[in-house]
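Understanding the architecture of this molecule
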Amino acid sequence: MPMTISEKLLARAAGKQEVHGGEIIQAKVDKAMMDDILGPRIEIAEKMELLGAKVWDPERVTIISDHYTPPANATQAEIVKFTREWACANGVEHYYEFAGPCHQVMVEKGRVSPGELVVGTDSHTCMYGALGAFSTGIGSTEMLGVLVTGEIWLKVPQSIRVRFDGTLPEGVMAKDVALRTIGTVGHSGATYRALEFCGTTFEAMPMDERLCMTNMAVEAGAKNGVIACDEITRAYLRERGIPEGEAFRSDPGADYLEDLSFSAGELAPLCACPHEVDNVTEIANVGDVAIHQAYIGSCTGGRYHDLKAAARLLKGKKIAKGIRLLVSPASREVWEACDRDGILTTLSEAGATILASSCGACLGVHSGAIGAGEVCVSATNRNFIGRMGSKYGDVYLASPLSVAASAVTGRLTDPRTML
Ligand SMILES: CC(C)[C@H](C(=O)O)[C@@H](O)C(=O)O
Ligand code: SF4
């Protein structure tokens, strides 16, 4: 029977010819990622010690300190220290610190190849589907099982096909495509489903933008998000010397739970209003919203393409008086490329504060949390109550272009008014 790309990826991981949505499989994990959210990790470490167990294949494991770097206090420093020392004690050589949010580091450092099954202890692990892998976030107990056995059981998700065709209008970015999708499906509408993105809009999308799409698949509840490999994928891999892996595509006639079709040409700059990621509306229709902080960063909206777009809009402009524009490049590599190309200088000349590559402000733990009554427009992926600091603060999610335009006026602003 014909299969979807997600079914093919899991058939490979299960060593089977064919699997279909709803089946339970036992799969071999190609790569495992852990970040520095210590609490659950201590549990993993303690249980492994109790079991006298070793990591099944340290070469396949990547550990990244990203949420608490640079540490803002002793507690965070202890978490990073524990993570670093645990990696070393368990022979995990792929350990990164100060490299940036885990997901950007994973794809940049060649820790994911097309065709692979990759699991990680962070919910946005689904991001690697942009490289044609099956990747998904798992809990600490599941990760304990993976570290010891190298295997995991999975229920094969049924697929929802999300087709966008046409060219994105000026001022519209992948984040707007993601928000349109989530606003349509709902924050739990794709629970335990695969979101398969296809159509001419994605075929023309640069990898930085594709990564934003699959990163946000979990914000619709999805198990994974995936975009089939093509020449753009292969060029991204070649540039980084990443193994080409195995490219899969969905069969004609494969079975989809749902088929959603959109015209990219109808898209306008969108935002997700407090306090849900699916509370989506056009920025032009939101009304007058004053902001205090604008944030460009994270594994969702801090890549080279994002900072370059923001710098293009901000060139020769200044942010509004009293506004904070914080920019955290999504990785050390992004930072260096943006610095080399003058993008950081342009952003800084407009009044931006350039921060370390880190999760920091995205989840309100350091480097830019907001206070009570403050409003932040953010290129990140979550805006639930308290996400970026005070539970009395408001977060609007938008594209980096919309964030930059809003920083200039001090109000939620449609970037098309400035392009
Ligand atoms: C803290 C971490 C486990 C969490 C996640 O899993 O996504 C964080 O990265 C986030 O973005 O909320
Ligand atoms: S969503 Fe934010 S907190 Fe979570 S991994 Fe990405 S940058 Fe870090």
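None of these values were measured; they are calculated from a predicted model.

1. As for the packing of aromatic side chains
A complete count under the given rule lists 3 aromatic pairs for this structure. When the centroid spacing of 5.4 Å and the interplanar angle of 50° are considered together, the rings of phenylalanine 197 and phenylalanine 202 count as tilted. On the basis of relative accessibility, which here comes to 3%, the residue phenylalanine 197 falls in the buried class. Here phenylalanine 202 falls in the buried class, since its relative accessible area comes to 1%. An aromatic cluster is defined as three or more aromatic residues linked by ring pairs; in this entry it consists of Phe164, Phe197, Phe202 and Phe262. For lysine 155, the ring lying beneath its charged end belongs to tyrosine 192, and the centroid distance is 5.1 Å. Here arginine 161 stacks its cationic end above the ring of tyrosine 256, 4.0 Å away from the centre of that ring.

2. A closer look at the pairing of strand E4 (residues 94–97)
Two elements, strand E3 (residues 61–65) and E4, share 4 bridges in a ladder whose sense is parallel. Residue pairing in the sheet places isoleucine 64 in a bridge with tyrosine 96 of E4. After leaving E3, the chain enters helix H3 (residues 74–89) and then returns to the sheet as E4, a path that is right-handed.

3. Re unusual backbone geometry
Between threonine 69 and proline 70 the backbone carries a cis peptide bond, its omega angle lying at -10°. The topology assignment puts proline 70 in the loop between E3 and H3. Of note, the bond from proline 274 into histidine 275 is cis; its omega dihedral lies within 30 degrees of zero at -5°.

4. Observations regarding the site of ligand 2
Inspection of the region around ligand 2 gives His67, Pro101, His103, Asp122, His124, Ser298, Cys299, Cys359, Cys362, Leu363, Asn381 and Arg387 as its neighbouring residues. Counting the residues that make up the shell around ligand 2, at least three belong to each of domain 1 (5–262) and domain 2 (271–417).

5. With respect to the sheet that holds strand E10 (residues 224–226)
The 4 strands lie next to each other as E10-E9-E8-E11, forming an open sheet whose pairing is parallel. The strands lining the two open edges of the sheet, one partner per strand, are E10 and strand E11 (256–263). For this sheet, the mean inter-axis angle between neighbouring strands, taken without regard to orientation, is 20°. In this structure, strand E9 (residues 193–198) lies alongside E10, joined through 3 bridges in parallel fashion.

6. Considerations on the domain arrangement of the protein
Domain boundaries in the protein define domain 1 (5–262) and domain 2 (271–417). Taken together, the contact between domain 1 and domain 2 spans 38 residues of the former and 40 residues of the latter. Approximately 3100 Å² of surface area, both sides summed, lies buried where domain 1 meets domain 2, with 58% of it carried by carbon and sulfur atoms. The largest per-residue losses of area from domain 1 upon contact with domain 2 belong to Pro101, Met173 and Lys175, which jointly make up 19% of the total buried on that side. Counting across the interface, domain 1 meets domain 2 through 3 salt bridges. The set of elements that each furnish at least two residues to the side of domain 1 that touches domain 2 consists of helix H4 (102–108), helix H6 (174–185) and helix H8 (207–215).

7. Considering the side chain of histidine 94
For histidine 94, the location among the structural elements is in strand E4. Only 3.3 Å separates the side chain of histidine 94 from the side chain of arginine 111, close enough to count as a polar contact. Setting aside its immediate chain neighbours within four residues, histidine 94 contacts Glu59, Val61, Thr62, Ile63 and Arg111.

8. Topic: the site of ligand 1
Near ligand 1 you find Ile37, His67, Asp122, Ser123, His124, Arg382 and Arg387, and these make up its full shell. Contact distances for ligand 1 include 2.8 Å between an oxygen atom and a side-chain N or O atom of histidine 67. One of the side-chain N or O atoms of arginine 382 is found 2.9 Å from an oxygen atom in ligand 1. Protein burial of ligand 1: of its 320 Å² of free accessible surface, 77% is covered by the chains. Its residues placed into classes, the shell around ligand 1 shows 1 nonpolar, 3 polar and 3 charged.

Definitions and limits used
- Residues numbered from 1 in each chain as written.
- Chains lettered and ligands numbered in written order.
- Predicted model: local features only at pLDDT ≥ 70, side-chain atom pairs only at ≥ 80, totals over all residues.
- Heavy atoms only, no water.
- Phe/Tyr/Trp six-rings, centres within 6.5 Å; stacked < 30°, edge-to-face > 60°.
- Buried < 20%, exposed > 50% of the residue type's maximum accessible area, 1.4 Å probe, protein only.
- Lys NZ or Arg CZ within 6 Å of the ring centre and 35° of its normal.
- Pairing = 2+ DSSP bridges.
- Helix = DSSP H or I, 4+ residues; strand = E, 2+ residues; numbered from the N terminus.
- Right-handed = clockwise from strand over helix to strand, strands pointing away.
- Near = heavy atom within 4 Å.
- Domains from an automatic or database assignment.
- Axes fitted to C-alpha atoms, helices over the stretch in contact; angles between N-to-C directions.
- Contact = heavy atoms within 4.5 Å.
- Buried area = accessible area lost by both parts, 1.4 Å probe.
- Salt bridge = Lys/Arg side-chain N within 4 Å of Asp/Glu carboxyl O.
- Polar contact = N/O pair within 3.5 Å; in protein donor to acceptor, adjacent residues only side chain to side chain.
- Areas by Shrake-Rupley, 256 points an atom, 1.4 Å probe, with all protein chains shown as cover.
- Nonpolar A, V, L, I, M, F, W, Y, C, P; charged D, E, K, R; others polar.

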